[in-house]
Amino acid sequence: MTARTEFEPVYKDIFPFWSRLSEADRDYLCENSYAVTYPRGRNIHDGNDCSGVILVQNGSLRLYMMSDEGREITLYRLHRGDICMLSASCVLESITFDVFVDAEEDSDCYVIGGPAFAALSERVPDIRIFALETAVGRFSDVMWVMQQILFMSMDKRLAIFLLDESARTGVDTITLTHGQIARYIGSAREVVSRMLKYFAGEGIVEVSRGDIRILDRKRLRELTS
């Protein structure tokens, strides 16, 4: 199987500029792509290099920032069909802050080499526009995270997260540890544990080892208003 045969069926569906590329440019992009499976917990991008453009085929990635003291703030998460553009710092040179990317679970991805994507974007304005629009589109997610951290109470933030996660997975049971939830909402594990204990005492959720099951969705929604 050639690189073009493997990657083109995916690229022509997700890249609006694909039909306007020359045959040579399509070959170049595919030849500088590779498939990889990142195991759960693997750091994919540490903010110091141009890891490339990552397309999630299956699994889940987490993008986050880290303070000098080691505190993490999750910016957003990527799932099947999503594109990680902030890992290609050589494409988006105006992005001057460090972003880290970890695999939340075993994740099958396509990666387009950063230097190759950057070189092509210099010659093809449509690619550069796509890269910028994709990155800018994610900043609404980042601003939502900042708004929660700066202006929302802990119970509201936790309620929003539990409802969003339940909506994403389609089930009432959230299979995450207290530490994972704390990283996602920019808090401490002890704070999350105390708030979940309060929710459980009020009959809103049931907490067991590694699971949080939503019992009263109506009351949980009331906490978000």
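In case you missed it, the structure is sitting above this.
In this text the structure is predicted, and so the values were computed from the model without any measurement. (Residues numbered from 1 in each chain as written. Predicted model: local features only at pLDDT ≥ 70, side-chain atom pairs only at ≥ 80, totals over all residues. Heavy atoms only, no water.)

**Brief notes about the side chain of E8**
Part 1: Note that E8 resides in helix α1 (residues 3-14).
Part 2: Each residue touching E8, except ones within four places of it in the same chain, is listed here: A3, W18, R26 and C30. (Helix = DSSP H or I, 4+ residues; strand = E, 2+ residues; numbered from the N terminus. Contact = heavy atoms within 4.5 Å.)

**Observations regarding the packing of aromatic side chains**
Part 1: Scanning the entire structure with this criterion turns up 11 aromatic pairs.
Part 2: Between Y11 and Y110, the aromatic rings sit 6.5 Å apart at their centres with planes inclined by 90 degrees, giving edge-to-face as the arrangement. Here Y110 lies in strand β8 (residues 107-112) and Y11 lies in helix α1, a separation of 99 residues in the sequence. Accessibility classification places Y11 together with Y110 in one group, the buried group.
Part 3: Through a chain of ring-to-ring contacts, the aromatic side chains of F7, Y11, F15, F17, W18, Y110 and F130 assemble into a single cluster.
Part 4: When the ring centre of Y184 is taken as reference, the NZ or CZ atom of R77 above it lies at 4.3 Å. (Phe/Tyr/Trp six-rings, centres within 6.5 Å; stacked < 30°, edge-to-face > 60°. Buried < 20%, exposed > 50% of the residue type's maximum accessible area, 1.4 Å probe, protein only. Lys NZ or Arg CZ within 6 Å of the ring centre and 35° of its normal.)

**Let's talk about the sheet that holds strand β10 (residues 205-208)**
Part 1: As summarised here, the arrangement of the 3 strands in space is β9-β11-β10, forming an open sheet in which the pairing is antiparallel. At either margin of the open sheet sits one strand with a lone partner, and together these are β9 (173-174) and β10.
Part 2: Direction of pairing for β9 relative to strand β11 (residues 211-214): antiparallel, over a ladder of 2 bridges. Bridge pairing in β11 links I174 to I212.
Part 3: The strands touched by helix α7 (residues 189-201) within the sheet are β10 and β11, with β10 carrying the most contacts at an inclination of about 130 degrees. (Pairing = 2+ DSSP bridges. Axes fitted to C-alpha atoms, helices over the stretch in contact; angles between N-to-C directions.)

**Concerning the pairing of strand β3 (residues 53-58)**
Part 1: Relative to β8, β3 is paired through 5 bridges, and the arrangement is antiparallel. The partner of L55 across the bridge, within β8, is Y110.
Part 2: In this structure, β3 lies alongside strand β6 (residues 83-84), joined through 2 bridges in antiparallel fashion. Looking at the pairing, I54 lines up with C84 of β6.

**Focus on the state of the cysteines**
Part 1: All told, the structure shown has 0 disulfides when counted by the stated rule.
Part 2: For the unlinked cysteine C84, the closest cysteine sulfur is that of C109, found at 9.0 Å. (Disulfide = S-S within 2.5 Å.)

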